[in-house]
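# Notes for the structure review
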Amino acid sequence: MSASLPLGLPWPVSNLIPPRFDESKSFHAYVHIPFCEFRCGYCDFNTYTAKEIGGLSQSSFHESLITEIDASAKILKNSGYPKRSLSTLFFGGGTPSLFTSNQIEQIMSSLRDHYGFLPDIEITLEANPESASPQYLEQLAAIGVNRISLGVQSFDPKVLATLERVHDPDKVGPILKAAAELGLESSLDLIYGAPKESLDSWKTTVEIAASMGTKHVSAYSLIVEPGTKLARQIKVGELPPTDDDLDAEKFEIADEVFQANGLPWYEVANWGKPSKHNHAYWSSADWWGFGPGAHSHLSGNRFWNTKHPLGYQKQLANGSPVAGIEYIDARTNLEERLMLELRTSTGIPQTVLAELGILESTIMPFVLDGSLKIENENLAVTASGRLFVDRIVLQLLTN
Amino acid sequence: MSPRARSALEPSLTDQDQIRNFCIIAHIDHGKSTLADRMLQLTGIVDDRQMRAQYLDRMDIERERGITIKSQAVRLPWELDNKTFALNMIDTPGHVDFTYEVSRSLAACEGAVLLVDAAQGIEAQTLANLYLAMENDLEIIPVLNKIDLPAAQTEKYAEELANLIGGSPDDCLRVSGKTGVGVEELLDRIVQRVPAPTGDINAPARAMIFDSVYDSYRGVVTYVRMIDGRLSSREQIQMMSTRAVHELLEIGVISPEPVVTKGLAAGEVGYLITGVKDVRLSKVGDTVTTKDKPATVSLKGYAEPKPMVFSGIYPIDGSDYPNLREALDKLRLSDASLVYEPETSAALGFGFRCGFLGLLHLEIITERLEREFNLSLIATAPSVVYQVTREDNTEFIVTNPSEFPEGKIKVVKEPIVKATILSPKDYVGTIMDLCQTRRGTMIDMQYLGEDRVQLRYQLPLAEIVFDFFDQLKSKTQGYGSLDYEEAGYLPGDLVKVDLLLQGEKVDAFSSIVHKDKAYGHGTKITSKLRELIPRQQFEVPIQAAVGSRIIARESVRAVRKDVLAKCYGGDISRKRKLLEKQKEGKKRMKMVGRVEVPQDAFIKALSSDETSSTEKKK
């Protein structure tokens, strides 16, 4: 979740969000848990390190989330959406593993009561290595969580220090092992491009990650967000700036190592067995994001909650915590599809390009220079086009 | 002390003995407009309530930049020794680009107030205009302004003025336009010293046009000085250069708003409205007479203003081309010196090659086009007019470097100017260095006073159109001033330097430079473009070439990665907004072959420092 929220229109007084495109799409839930033990230097996410924020406490915050779940069901029903069981559920943060399994369970039951779970539902919880004990994993498995996403970032202690991550990288192996024994799927989150991270350091990190038997890895290049401690450190020269060219090389290293270890590339920053939840975002499925600052998408309506937990809670008491909404028109919807689906290995149906009025003559130069390919009626990026998706999208839309 | 005139004299019935026509010669910032404001207040034609600063400067640009572009004439009533006079103050532009207009204004007067800042002394442009006034036999009234300033060196500069125009330093009036001190004495002095006009009231009418402005409501307003005879409203008038006849719809004086009168008589200054919509039909310098009783000999001094500097003006958005044409057509109604013709550039699309009197004129026109007509424009680097002769003796007039002929060149001639530079003596060395690097030849050097020097140089115009003035200002800490006049054409050892992106020539970046400077120019422009062109998906070689010889090269490295790492639920709106912004940004890019070039690169690459030419001299 990004630091700043977009500007949107106010939430409708009617408390209704009209179905507009295709309300038969799959339905997903994201739950944002805005607490951390410690704020890392690079982080600009919506998270807070205090256990108590004003009159709000970490130990009872799940109640607010449940209030929003109640409200969401009412809004969807009144707006005329058909009742849909959840295909995926994702607990993100912050550090969701700071919630007790009991808090998680209460949220899950509320969602199950209101919406129901599909039999093959994917339920993921993000955890930091320092807060994911074997006992905690056991409790999670018992309540039905079936996937763990571990924020590892790097296996190089020096890089972890730059990022101000406090965990011990040696703990990751045992956690993954415990998770596997409990039948939990796992994913590792990695970050490349931290100041002073060498190519060798990154190579070691991806090699360790690939050897751990996990079925899924995400690797993001570090973005220095304005206002973070890291941004200040770079500005005053304490740390060197990030280097895009080096990041490109690190991407290639990661890709090579992961693919060699049975983790095929499927999206700009993801390898392995595709996460169903991620796929929902990229295929413009419907999801409700619960919690402060969380974003939702329902049938061409994108809206987002008030960012600060206190404001969120206060607004929730008035029926809806939404801070802003935007109504995506048909053309914008198509542009969003291009922007998102071209990031994936599947690519985008050529029919969408035709609907956007993008001419063959605009597409062909990219096919000829080897950055795009046409496969199964879809237009997709090639290995060499992956790192230029944003540029290609811009050119397809403007050339 | 003189009181305000109790009653103003009636125009068209004023005896020439009671008329005084004068102008004010001053450098920019020497306080002419402020002094004029005080005169308007003192003579009572603008009351304190209506007063605003720089009352006579009509265009926004004039007021903002503190310069007068178009001249005006105001009739001021004044009384001295119980006799009432009508003083006509003719405002003159203060900039070198408008010398021709200045000379017409001077020709309309019998006297000139030489206004000099008491803290700065006389400047080169003022000196040039002073010489012009002396050539016109005007009575010069030396005045030091801003005597209220702590830095004023009144005695020193009074002496300097006395040396220049003769007489004693005590003849020099001391005034402050700001506080009003000395302004009444100045008005008295004008009455006493400026000769009355001596036209023949009974001769056929002859009026000299010294300014012609376009008003969107009234059409062309023509400012004239009656030399002989008289003009009355509803009369048919004739332009002596074209023999064109117009109905005189309105005649009057400015005081300081237009006041309709029955007519204008010999010696008077006023305005005419004929319903003509184009200033080119009422040209500055022309003589107006009547159809019924036409004069036979026109007044001397009519000349077509000649454009000295050319630049290509292109709309950033190609679909604005018709709007640009319309805007230029409209501007031409009020600016007879603006010339333009359609031009196409492989890099920039459709636009116009425009000719200007000088750089300031170029800036004012582009600024007006953008401001008054809401256009976004690219102006290519200014160029002068070359005369090129090929070995086969075909001749070319080159106003655009990209038109420089291919093949063996016999001779290239370039415009030369005679430049006058005034400066404190401490900077003589640096000025000489500057002129030398600009291919200048010294004509002479003389001391104006104890510590001020006048240097005269012969310089190629091309060497001063870019940033000479800025360099002069910065090298003399603001004290140096410049004026120049055309001095014909001379052969020069000149070559065309082309610029190639990915091996393709880009016409808009071509320039004509001296052979010895080609290498330095090539290196400079390639390294600048390397900074200005964003990285693309492929490497972009940038080369400078003379003919087929590459003289400098650089390259923009290929970008390795252009994709946002993370894109989940909350990132989508943000990312889409970024995409919208990038789409807007792309509109400010010009595709040159496969290469995206930012629009401002077309000026920045050719300017010699970081500031673009439009941010220059104020």
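Residues numbered from 1 in each chain as written. Chains lettered and ligands numbered in written order. Predicted model: local features only at pLDDT ≥ 70, side-chain atom pairs only at ≥ 80, totals over all residues. Heavy atoms only, no water.

### As for the overall build of chain A
Check the secondary structure of chain A and you find 14 helices and 17 strands. By sequence separation, contacts in chain A at least 24 residues apart represent 72% of the contacts at least 6 residues apart. (Helix = DSSP H or I, 4+ residues; strand = E, 2+ residues; numbered from the N terminus. Contact = heavy atoms within 4.5 Å.)

### Considerations on the overall build of chain B
Helix and strand counts for chain B come out as 14 helices and 33 strands. Surface exposure of chain B reaches about 25400 Å², of which carbon and sulfur atoms provide 49%. (Areas by Shrake-Rupley, 256 points an atom, 1.4 Å probe, with all protein chains shown as cover.)

### A few points about the nonpolar core
Among the nonpolar cores identified, the biggest contains 115 residues, and Ile104 and Leu111 of chain A are the most heavily contacted of them. For this core, the element with the most residues is helix 1 (residues 61–79) of chain A, which contributes seven residues. Once residues lying within four places of it in the same chain are set aside, the contact partners of Leu111 of chain A are Ala29, Val31, Ile69, Leu86, Leu89, Gly116, Phe117 and Phe290 of chain A. Core analysis: the second largest hydrophobic core is formed by 48 residues, Leu338, Leu359, Ile464 and Phe468 of chain B among them. (Core = buried A, V, L, I, M, F, W, Y, C linked by side-chain atoms within 4.5 Å. Buried < 20%, exposed > 50% of the residue type's maximum accessible area, 1.4 Å probe, protein only.)

### Looking at the pairing of strand 8 (residues 216–221) of chain A
Residue and element names in this part refer to chain A. The element strand 8 is extensively covered by neighbouring structure, given that six of its six residues are classed as buried. The pairing of strand 7 (residues 185–192) with strand 8 spans six bridges and is classified as parallel. Bridge pairing in strand 8 places Tyr192 opposite Ser221. As a crossover connection, the stretch from strand 7 through helix 6 (residues 199–210) into strand 8 is right-handed. Examined bridge by bridge, strand 8 and strand 10 (residues 270–272) share three bridges and lie antiparallel to one another. Looking at strand 10, one finds that His216 is bridged to Gly272. (Pairing = 2+ DSSP bridges. Right-handed = clockwise from strand over helix to strand, strands pointing away.)

### Topic: the interface of chain A and chain B
Every contact between the two is made by 46 residues of chain A and, on the other side, 29 residues of chain B. Taken together, the two surfaces of chain A and chain B that pack against each other cover about 3700 Å², and 53% of this comes from carbon and sulfur. Across the contact surface, chain A and chain B share eleven salt bridges. Going through the elements one at a time, strand 8, helix 8 (244–260), helix 9 (276–282), strand 13 (301–305), helix 11 (330–341) and helix 14 (389–398) of chain A are the ones with two or more residues in the side of chain A that touches chain B. Sort the elements by how many residues they give to the side of chain A that touches chain B and helix 14 of chain A lands first, with eight residues. A per-class count over the side of chain A that touches chain B returns 22 nonpolar, eleven polar and 13 charged. (Buried area = accessible area lost by both parts, 1.4 Å probe. Salt bridge = Lys/Arg side-chain N within 4 Å of Asp/Glu carboxyl O. Nonpolar A, V, L, I, M, F, W, Y, C, P; charged D, E, K, R; others polar.)

### Structural notes on the confidence of the model for chain B
Residue and element names in this part refer to chain B. In this model, chain B carries an average pLDDT of 85, and 92% of its residues clear a pLDDT of 70 or more. Segment residues 609–618: pLDDT under 50, and 22 contacts once partners within four positions in sequence are set aside and those in other chains are kept. Both scores are given for the predicted complex: the pTM is 0.65, the ipTM 0.89. (pLDDT = per-residue confidence, 0-100.)

### Notes on the packing of helix 2 (residues 101–114) of chain A against helix 3 (residues 134–143) of chain A
Residues and elements named next belong to chain A. Interhelical geometry of helix 2 versus helix 3 gives an angle of 15 degrees and a closest axis separation of 10 Å. Considering the angle they form, helix 2 stands roughly parallel to helix 3. The interaxial crossing formed by helix 2 with helix 3 has right-handed handedness. Contacts between helix 2 and helix 3 involve Ser101, Ile104, Glu105, Met108 and Arg112 from the first element and Tyr136, Gln139, Leu140 and Ile143 from the second. In terms of residue class, the contact of helix 2 with helix 3 is made up of five nonpolar, two polar and two charged. (Axes fitted to C-alpha atoms, helices over the stretch in contact; angles between N-to-C directions. Parallel < 35°, antiparallel > 145°, perpendicular 65-115°, else oblique. Left-handed = near helix turned anticlockwise from the far one by under 90°.)

### A word on unusual backbone geometry
The step from Gly93 of chain A to Gly94 of chain A runs through a cis peptide bond, and the omega angle for that step is 15 degrees. Note that Gly94 of chain A resides in the loop between strand 4 (86–93) and helix 2. Backbone geometry at Asn82 of chain B places phi at a positive 65 degrees, although glycine is not the residue there. Mapped onto the elements, Asn82 of chain B comes out in the loop between strand 2 (73–80) and strand 3 (83–90). Phi at Asp137 of chain B is positive, roughly 60 degrees, even though this residue is not glycine. Residue position: Asp137 of chain B is located in the loop between helix 4 (124–135) and strand 5 (139–145).

### Points about helix 14 of chain A
In terms of residue burial, helix 14 of chain A counts as a mostly covered element, since nine of its ten residues are buried. Of all the positions in helix 14 of chain A, only Val389, Asp390, Arg391, Ile392, Val393, Leu394, Gln395, Leu396 and Leu397 of chain A are classed as buried.

### Here's the deal with the environment of Val183 of chain B
All names here are of chain B. Tracing the backbone shows Val183 in helix 6 (residues 183–193). Residue class for Val183 comes out buried when judged on its relative accessible area of 0%. Sequence separation between Val183 and Leu42 is 141 residues, and the spatial gap between their C-alpha atoms is 8.2 Å.

### Notes on helix 8 (residues 359–373) of chain B
All names here are of chain B. The first and last C-alpha atoms of helix 8 sit 20 Å apart over 15 residues, in line with the 21 Å expected at 1.5 Å per residue. The complete set of buried residues in helix 8 reads Leu359, Leu360, His361, Leu362, Glu363, Ile364, Ile365, Thr366, Arg368 and Leu369. After helix 8 finishes, the residue Asn374 shows a positive phi value of roughly 60 degrees. (Expected span 1.5 Å × (residues − 1).)

### Describing the side chain of Arg576 of chain B
Residue placement: Arg576 of chain B occurs in helix 13 (residues 571–587). A polar contact of 2.4 Å, which involves the side chain of Arg576 of chain B, links it to the side chain of Glu336 of chain A. (Polar contact = N/O pair within 3.5 Å; in protein donor to acceptor, adjacent residues only side chain to side chain.)

### Examining the sheet that holds strand 17 (residues 309–315) of chain B
All names here are of chain B. Read across the open sheet, the four strands follow the order 18-19-17-20; overall the sheet is antiparallel. If you trace the sheet from one side to the other, it starts and ends with strand 18 (339–345) and strand 20 (377–379), each paired once. When strand polarity is set aside, the average angle formed by the axes of neighbouring strands in this sheet is 30 degrees. In terms of strand pairing, strand 17 meets strand 20 through three bridges, oriented antiparallel. Note on strand 20: the bridge partner recorded for Ile313 is Ala379. Contacts from helix 7 (residues 321–334) reach strand 17, strand 18, strand 19 (349–356) and strand 20 within the one sheet, and its direction differs from that of strand 19 by about 15 degrees.

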